[in-house]
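Now for the letters of each chain:
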Amino acid sequence: MRAIVYDAYGPPEVLRLENVERPVPNEDEVLVRIRAVAVTRADCATREANRRSGLAVSLISRAISGIRKPKQRILGSELAGEVQAVGTAVSEFAVGDHVFGTSGFRFRAYAEFISLRASARLAHKPQGTTFEEAASVCDGGLNALWCLRQGDLRKGQRILIYGASGAIGTAAVQLATYFEADVTGVCSTKNLELVRSLGADRVIDYTQEDFTNNGQAYDVIFDAVGKHSFARCRRSLNRGGRYLATDGFQNLILALWTSRVGDKRVVFSIPPRYTKQDVVFLKELIEAGKYRAVVDRCYPLEDIVDATRYVETEQKVGNVVLTI
């Protein structure tokens, strides 16, 4: 089968197309013919061993992924496709079923086929969605859902979502709206109408206004793109407010510190723990018309380098997808 592989950490150019052996499903697994896979921030960070996050984080990344070279040659985790074969112990799925889900940090989805346990974070594809849309659900959707739950977002609370037009941000706006919070999204000028259409009560154009200086305060500030800091956002939090972080080693330290000191908290927990039921929850929201995946661009598998370069511009809206 065709797959995108890499044998050394580095820039997008280390990725290449290669023929590799097709996986064979075990008795409790399904073999999925992948039709679309998202290119995510996590893929990019893993590929370069988190070099941009500093030496300490890079060393931790290598300790997990491989000290000198990657142990898992195939990246990609957020996928959609159709079941090609099922193990003898599988009853939930049948050959021909359209499915979507995530392989998590086991990756292996930049390929034509992947084998996954039937009990994994895999569900039937939402009715009415394309493979490209379904592959775009889990990255932002699961990350946003995890963060909002950890932040204990409740009905009527005021939340500001910074980076509201990205993969996590577009998901967070919709989920926070579903949870009946009062939602303010922050994005660039060209994405204001998109964020409004996803349910935000108010939008702020960060090129025109600094939300940390406008006198408004929130119960929750969700930094969906890792470009702010607790120090900058602290005065914009109400008493008892929570700053939700999506990355940054310093936020792990701050989460421990602020849980004991002060009346405003940093919420950051790694690794996130998603479940199969979370994937099913997102599927049900989509079918109820309360959630939609936002797809920016689609590339063929062989254009992985161009797709990755675009993701790394940090200008994408929603998700970038490879079609296979």
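Read on for an overview of the structure. Note that this is a predicted model, so its numbers are computed, not measured.

1. Quick word on the overall build of the protein
In terms of regular secondary structure, the protein is built from 10 helices and 15 strands. Taking 2.2 N^0.38 as the reference for a compact globule, 324 residues should give roughly 20 Å; the C-alpha atoms of the protein span a radius of gyration of 20 Å, in line with that estimate. Each principal axis of the C-alpha distribution contributes one length, and for the protein these read about 60 × 45 × 40 Å. For the protein, the proportion of its 324 residues judged to be buried stands at 55%.

2. Let's talk about the nonpolar core
In this structure, Ile159, Ile161, Leu175 and Phe222 are the most contacted members of the largest nonpolar core, which totals 51 residues. Of all the elements in the fold, those that place two or more residues in this core are helix H3 (131-135), helix H4 (137-150), strand E8 (158-162), helix H5 (167-178), strand E9 (182-187), helix H6 (192-197), strand E11 (218-223) and helix H9 (276-287). If one sorts the elements of this core by residue count, H4 sits on top with 8 residues. Aside from chain neighbours lying at most four places away, what touches Ile159 is Leu148, Leu153, Ala176, Ala181, Asp182, Val183, Thr184, Tyr218, Val220 and Phe222. Core analysis: the second largest hydrophobic core is formed by 42 residues, Tyr6, Val30, Val32 and Phe113 among them.

3. Looking at the environment of Leu198
Tracing the backbone shows Leu198 in the loop between H6 and strand E10 (202-205). Given the relative accessible area of 7%, Leu198 is considered buried. Through-space distance from the C-alpha of Leu198 to that of Ala109 is 28 Å; in sequence the pair is 89 residues apart. Look past the residues within four positions of Leu198 in its chain and what remains in contact with it is Thr170, Val173, Gln174, Thr177, Arg292 and Val294.

4. A few points about the packing of H4 against H9
Relative orientation of the contacting elements H4 and H9 amounts to 110 degrees, with a least axis distance of 10 Å. Accordingly, the angle class assigned to the pair H4 and H9 is roughly perpendicular. Here Val137, Cys138, Gly141, Leu142, Leu145 and Arg149 of H4 come into contact with H9, specifically with Asp278, Val279, Phe281, Leu282 and Ile286.

5. A look at H9
With 12 residues, H9 should cover 16 Å at 1.5 Å per step; its first-to-last C-alpha distance of 17 Å lies within 8% of that length. Burial analysis of H9 places 9 of its 12 residues in the buried class, which makes it a mostly covered element. Of the positions making up H9, those classed as buried are Lys276, Asp278, Val279, Val280, Phe281, Leu282, Lys283, Leu285 and Ile286. In the segment just after H9, Gly289 is the residue with positive phi, at about 75 degrees.

The rules we used
- Within each chain, residues carry numbers counting from 1 in the order of the written sequence.
- Since the coordinates come from a predicted model, pLDDT governs what is reported: local features require at least 70, and pairs of side-chain atoms require 80 or more to be given and counted, while whole-chain, interface and lining totals use all residues.
- Hydrogens and water molecules were not included; the side-chain quantities draw on all heavy atoms of the structure.
- Counting from the N terminus, the helices are DSSP H or I runs at least four residues long and the strands are E runs at least two residues long.
- Two things to know: the radius of gyration comes from C-alpha atoms, and the globule rule equals 2.2 Å times the number of residues to the power 0.38.
- Note on exposure labels: buried denotes an accessible area under 20% of the residue type's maximum, exposed denotes more than 50%, and partly exposed covers the range between, all computed with a 1.4 Å probe on protein chains only.
- Nonpolar core, defined: a set of buried Ala, Val, Leu, Ile, Met, Phe, Trp, Tyr and Cys residues in which side-chain atoms within 4.5 Å join the residues together.
- Whether two residues are in contact is decided by their heavy atoms: any pair within 4.5 Å suffices.
- Only the contacting stretch of a helix is used when fitting its axis, a line to C-alpha atoms as for every element, and angles between N-to-C directions run 0 to 180 degrees.
- Under this scheme an angle from 65 to 115 degrees is roughly perpendicular, one under 35 degrees roughly parallel, and one over 145 degrees roughly antiparallel; angles in between are oblique.
- A helix is expected to span 1.5 Å multiplied by its residue count minus one.

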